[in-house]
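Below are the chains, spelled out letter by letter.
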Amino acid sequence: MPPHSKTRSIGIVGAGPGGLAAAMLLAQAGADVTIYESKDRLGGRSATLTQDSERGRFRFDMGPTFFLYPRVLADIFAACGRVLEDEVELMRLDPQYHLIFEAGGEMHATPDLERMAAEIARLNPHDALALPRFMAENRTKLAAFRPVLENAFNSMRDYLRPDVLRSLRLLRPHRTVDTDLASHFDDERVRLAFSFQSKYLGMSPFRCPSLFTILSFMEYEFGVFHPKGGTGAVMAAMADVASDLGIKIRLSEPVETILFEGRRAVGVRTARGDIRHDAMVVNADFADAMTKLVPDRLRRRWSDRRIAGKKFSCSTFMLYLGLDGASDDIAHHTIYLSKDYRRNVAEIEAGEAPSDPSFYVQNACVTDPDLAPRGCSTLYVLVPVGNRHGEGVDWANEQARYRAMTLKRLERIGLRDVERRIVTEKMLTPVGWERDMSIHRGATFNLAHSLNQMLHRRPRNRFEDLDGLYLVGGGTHPGSGLPVIFESARITARLMAEDLGMDPHWSAPSKMALPDYEPALAEPA
Ligand SMILES: Cc1cc2nc3c(=O)[nH]c(=O)nc-3n(C[C@H](O)[C@H](O)[C@H](O)COP(=O)(O)OP(=O)(O)OC[C@H]3O[C@@H](n4cnc5c(N)ncnc54)[C@H](O)[C@@H]3O)c2cc1C
């Protein structure tokens, strides 16, 4: 389609990372973009949480704390004439995280592969020899899958592209992450060290498709970063660019319904009235937004009944604690993996809260002390639990007990006197994610990433049920997790530019100017 002379007006529901990134690219392509956000803050699940006390202000990331593969976002900044690293300081962590196994042993995971092999050898000398092969195999896998991750899947025809056909041969649908890793590593603990990352997708390594061994590979190959000020600082930097590009962000203005003429989305209704747009983008949680903002009678493939039959990710039980004093001997990221990890996972899949849970702790002040007032520190605790489905857990009754159990369990990683040190506190259960954060079933990582809910079987970027309606964020292709969410923004913006006759200069990822940067290693504070 030739470039259109009229400026296109685009409305976006939600100022999460996907919504902000899509807005940047669309505005850069010449569209007039308005973002509607129900909260009074930006960033969605990636927002900054603040807690004020007499000691001062504590700042936490609400969700993402592992900032991986900044390249995609750096490309998006470059497309808008900015350099990501000039806007946010990205600190590469080494060690990237500390793993503690209830079954015995620990590992300081490092991107220095020689040191990493020595760490593995402490658990199992034979497995250490397999590290180079694991890395080489996954390097090939990622290269093969790039076209799959970077392009839209609108129909079966998309599978016939030669680059996609080549990559699908590597998909090994009969293998899970765990069985794939078993071809490299014998020791269950070593396999866990390279498979717990399936939790980023809210999935069990015993079910997660083998493709996703690329997640741990990417940490070692490209790094685990801490953005100074937290992931929320990245959201703030995106909002700055957005405002320079003339994007209007209307905070505290929930979309009540998306307006349709026939099957075409034509705008939104908010408390301020009806506003018309040429096209709409939904960044809000897919299942929540569809069931609340789009009438069921208009949806064919994604009717309420069909959505009810889909698999969703796990949820999380969260504690955000402002603490008196620092915990200098606790790593920036610590992951405690319980002995009976398989039972943990089975309990989560059954919608329960595990009795002896694995958990994750972020002690960000060891790298970024400004997140807490002087003499204090922040502690972020995440326990994967079942999402809200069926009977499930009665969190109103359970939460106090689960909090106490979780605080007690922190002793396992050397945090002995946390309760006594608490200055500020916020607890979030699956009910809170569902009710306060508008997340369907409180499934924090969206629709599960099983093969039958991926690629063209995931809700499509150009939403297949309706015209003029597009999706961006963790609920669409390629999936949940910041790098792929930013990729979804590129895919969606590209499709919209095509459909609306806009002529962006960033038309294909490979044509984007790539910033040449090598983020510094973080110095412990
Ligand atoms: C606890 C947790 C930990 C995570 N850890 C990581 C990690 O370490 N690394 C990583 O890469 N990813 C992580 N993720 C996954 C993912 O990166 C984040 O969830 C990410 O924020 C999802 O982005 P999104 O674009 O899908 O939109 P969301 O963050 O879901 O934002 C959607 C926005 O839409 C708004 N909205 C909803 N309904 C309406 C409405 N009706 N009108 C207007 N606005 C509306 C919401 O308020 C929200 O601001 C984590 C997620 C969670 C929850």
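Because the structure is predicted, anything quoted here is derived from the model rather than measured. (Residues numbered from 1 in each chain as written. Predicted model: local features only at pLDDT ≥ 70, side-chain atom pairs only at ≥ 80, totals over all residues.)

Novice: Explain the overall build of the protein chain here, please?
Specialist: Looking only at helices and strands, the protein chain has 18 helices and 20 strands in total. Once the C-alpha set of the protein chain is aligned to its principal axes, its extents read approximately 65 × 55 × 50 Å. Here the protein chain holds 525 residues, and 52% of them are scored as buried. Restricting to contacts in the protein chain with at least 6 residues of sequence separation, those with at least 24 account for 72%. (Helix = DSSP H or I, 4+ residues; strand = E, 2+ residues; numbered from the N terminus. Buried ≥ 20, exposed ≤ 12 C-beta atoms within 10 Å, placed from the backbone. Contact = placed C-beta atoms within 7 Å.)

Novice: Help me understand the pairing of strand β18 (residues 376-385), please; the structure alone is not making it clear to me.
Specialist: On a regular strand, each side chain points to the face opposite its neighbour's, so the side chains alternate between the two faces of the sheet. Here β18 lies mainly inside the structure; 10 of its 10 residues are buried. Residues of β18 alternate between two faces, with Cys376, Thr378, Tyr380, Leu382 and Pro384 on one and Ser377, Leu379, Val381, Val383 and Val385 on the opposite face, all of them buried. Sheet topology note: the strand β15 (residues 315-324)/β18 ladder contains 10 bridges and is antiparallel. Pairing of leucine 323 across the sheet is with serine 377, part of β18. In the sheet, strand β17 (residues 359-362) pairs with β18 via three bridges, with the strands oriented antiparallel. Counted as the bridge partner of valine 361 is valine 381 from β18. (Pairing = 2+ DSSP bridges.)

Novice: Would you mind going over helix α10 (residues 214-222) with me for this structure?
Specialist: Each α-helix winds once per 3.6 residues, and so residues spaced three or four apart point in a common direction. All of the buried residues in α10 are Ile214, Leu215, Ser216, Phe217, Glu219 and Tyr220. Those residues of α10 that are buried are in contact with β5 (67-68), α4 (113-123), α6 (131-150) and β9 (224-227). Where α10 terminates, the next one or two residues include glycine 223, which has phi positive at roughly 105°.

Novice: I would appreciate a short explanation of the packing of α6 against α10 in the present structure.
Specialist: The geometry of a pair of packed helices is captured by two quantities: the angle between their axes and the separation between those axes. Look at α6 against α10: their axes get within 10 Å of each other, and the N-to-C directions meet at 105°. Taken as axis vectors, α6 and α10 run roughly perpendicular relative to one another. From α6, Met135, Asn138, Arg139, Lys141, Leu142 and Phe145 reach across to α10, where they touch Ile214, Phe217, Tyr220 and Glu221. Classifying every residue of the contact of α6 with α10 by side-chain character gives six nonpolar, one polar and three charged. (Axes fitted to C-alpha atoms, helices over the stretch in contact; angles between N-to-C directions. Parallel < 35°, antiparallel > 145°, perpendicular 65-115°, else oblique. Nonpolar A, V, L, I, M, F, W, Y, C, P; charged D, E, K, R; others polar.)

Novice: Is there a simple way to explain the packing of helix α1 (residues 17-28) against helix α18 (residues 482-499) in this structure?
Specialist: One way to put it is that α1 packs onto α18 with a least axis distance of 8 Å and a crossing angle of 40°. You can see that α1 and α18 cross each other, and the crossing is right-handed. Judged by residue contacts, Pro17, Gly18, Ala21, Ala22, Leu25 and Leu26 of α1 engage Leu482, Ile485, Phe486, Ser488, Ala489, Arg490, Thr492, Ala493 and Met496 from α18. (Left-handed = near helix turned anticlockwise from the far one by under 90°.)

Novice: So what exactly am I meant to see when it comes to the site of the ligand here?
Specialist: By nearness alone, 38 residues border the ligand, and Gly14, Gly16, Gly18, Gly44 and Gly473 come closest of all. The element best represented in the shell around the ligand is α1, accounting for three residues. Of the residues assigned to the shell around the ligand, the class counts are 17 nonpolar, 17 polar and four charged. Both of domain 1 (9-49 + 69-90 + 228-309 + 447-522) and domain 3 (314-442) provide at least three residues apiece to the shell around the ligand. (Near = placed C-beta within 6 Å. Domains from an automatic or database assignment.)

Novice: Please clarify how α4 should be interpreted in this entry.
Specialist: Of all the residues in α4, the buried ones are Met116, Glu119, Ile120 and Leu123. Across the axial projection of α4, the buried residues extend over an arc of 95°, all falling on one side. Of the residues in α4, the exposed ones pointing more than 90 degrees away from the buried face are Glu114 and Arg122. Turning to α4, the residues buried within the fold contact β8 (106-109), α5 (125-128), α6, α9 (188-193) and α10. (Arc of directions from axis to C-beta.)

Novice: I tried to follow the sheet that holds β15 on my own but got confused; where do I start?
Specialist: The strands making up a sheet associate through hydrogen bonds between their backbones, and the pairing can be parallel or antiparallel. One open sheet accounts for seven strands, arranged β8-β7-β16-β17-β18-β15-β19; its pairing is mixed. Each edge of the open sheet is held by one strand with a lone partner, namely β8 and β19 (422-428). In this sheet, neighbouring strand axes are inclined to one another by 15° on average, regardless of whether the strands run parallel or antiparallel. As defined by bridge partners, strand β7 (residues 97-101) adjoins strand β16 (residues 333-337) across four bridges and the pair is classed as parallel. Its bridge partner being in β16, isoleucine 100 is matched across the sheet by tyrosine 336. Helix-sheet contacts for helix α15 (residues 395-409) involve β15, β17, β18 and β19, and the interaxial angle to β15 is about 60°.

Novice: What is the right way to look at the domain arrangement of the protein chain in this model?
Specialist: Much of the literature gives interface size as the accessible area that the parts lose upon coming together. Considered domain by domain, the protein chain is made up of domain 1 (9-49 + 69-90 + 228-309 + 447-522), domain 2 (94-222) and domain 3 (314-442). The straight-line distance from the C-alpha centre of domain 1 to that of domain 3 is 29 Å. Partitioned by chemical class, the residues of the side of domain 1 that touches domain 3 number four nonpolar, two polar and four charged.

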